[in-house]
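The chain contents come next:
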Amino acid sequence: MSSSRPPRPALNIILVEDDDGDAKALRRAFERARMANPVTRFADGVDALAYLRGEMNQVPPPHFVVLSDINMPRKNGIELLREIRADPVLHDILFIVLTTSDDERDISEAYANNVAGYILKSKAGGMFANLMATLDNYWRIVELPEIHIKKVTDGSSQHPAH
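This write-up is about the structure you can find in this document. Computed from a predicted model, the values in this text were never measured in an experiment.

Side note on the overall build of the protein
Within the protein, the regular secondary structure consists of six helices and five strands. Secondary structure elements of the protein occur, N-terminal to C-terminal, as β-α-β-α-β-α-β-α-β-α-α. Split into buried and exposed, the 162 residues of the protein put 44% on the buried side. In the protein, the share of contacts with a sequence separation of at least 24, taken over all contacts with a separation of at least 6, comes to 72%. Roughly 8,800 Å² of accessible area belongs to the protein as shown, and the carbon and sulfur atoms make up 50% of that amount.

A short note on helix α3 (residues 77–86)
A turn of α-helix holds 3.6 residues, and therefore any two residues three or four places apart point the same way. When α3 is considered as a whole, its buried residues turn out to be Gly-77, Ile-78, Leu-80, Leu-81, Ile-84 and Arg-85. The buried residues of α3 all sit within an arc of 160° when viewed along its axis, so they share a single face. The opening residue of α3 is Asn-76, an N-cap whose side-chain oxygen sits 2.9 Å from the backbone nitrogen of Ile-78.

Conventions and cut-offs
Residues numbered from 1 in each chain as written. Predicted model: local features only at pLDDT ≥ 70, side-chain atom pairs only at ≥ 80, totals over all residues. Heavy atoms only, no water. Helix = DSSP H or I, 4+ residues; strand = E, 2+ residues; numbered from the N terminus. Buried < 20%, exposed > 50% of the residue type's maximum accessible area, 1.4 Å probe, protein only. Contact = heavy atoms within 4.5 Å. Areas by Shrake-Rupley, 256 points an atom, 1.4 Å probe, with all protein chains shown as cover. Arc of directions from axis to C-beta. Polar contact = N/O pair within 3.5 Å; in protein donor to acceptor, adjacent residues only side chain to side chain.

What follows is the structure, encoded as structure tokens:
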């Protein structure tokens, strides 16, 4: 049985990474993998969460994945993950940790909060382009929940946990 569904657009990536070098390496990996995925970058969890909650001048698209580092200023990746999972609007977001931390407590905490994967940057290394291509292939075959976030304009919140 064939499906008449149109091909999916490229998966939108919400990158939460404070290190400029790592962010550039990620973008180069996408280019090497010939992927044109839109990437929206935030340097910490505070700005990323504001964006995800519709508190900035734009809102995320209905389908995206969050790739987040752990060790960041203001709000680290684990704190961001906890707040996303506690938020009734955001709790289904596909969240992948991409970090230098091999601390067992970070790994356990991430999986306790239902991350889709915990990837060490040191292990991804030269295979980073392959990792990004795998993510793109994954997006093309799985069904992700739609996250509909409305722009907050009047100072109120669509997020009761906020």
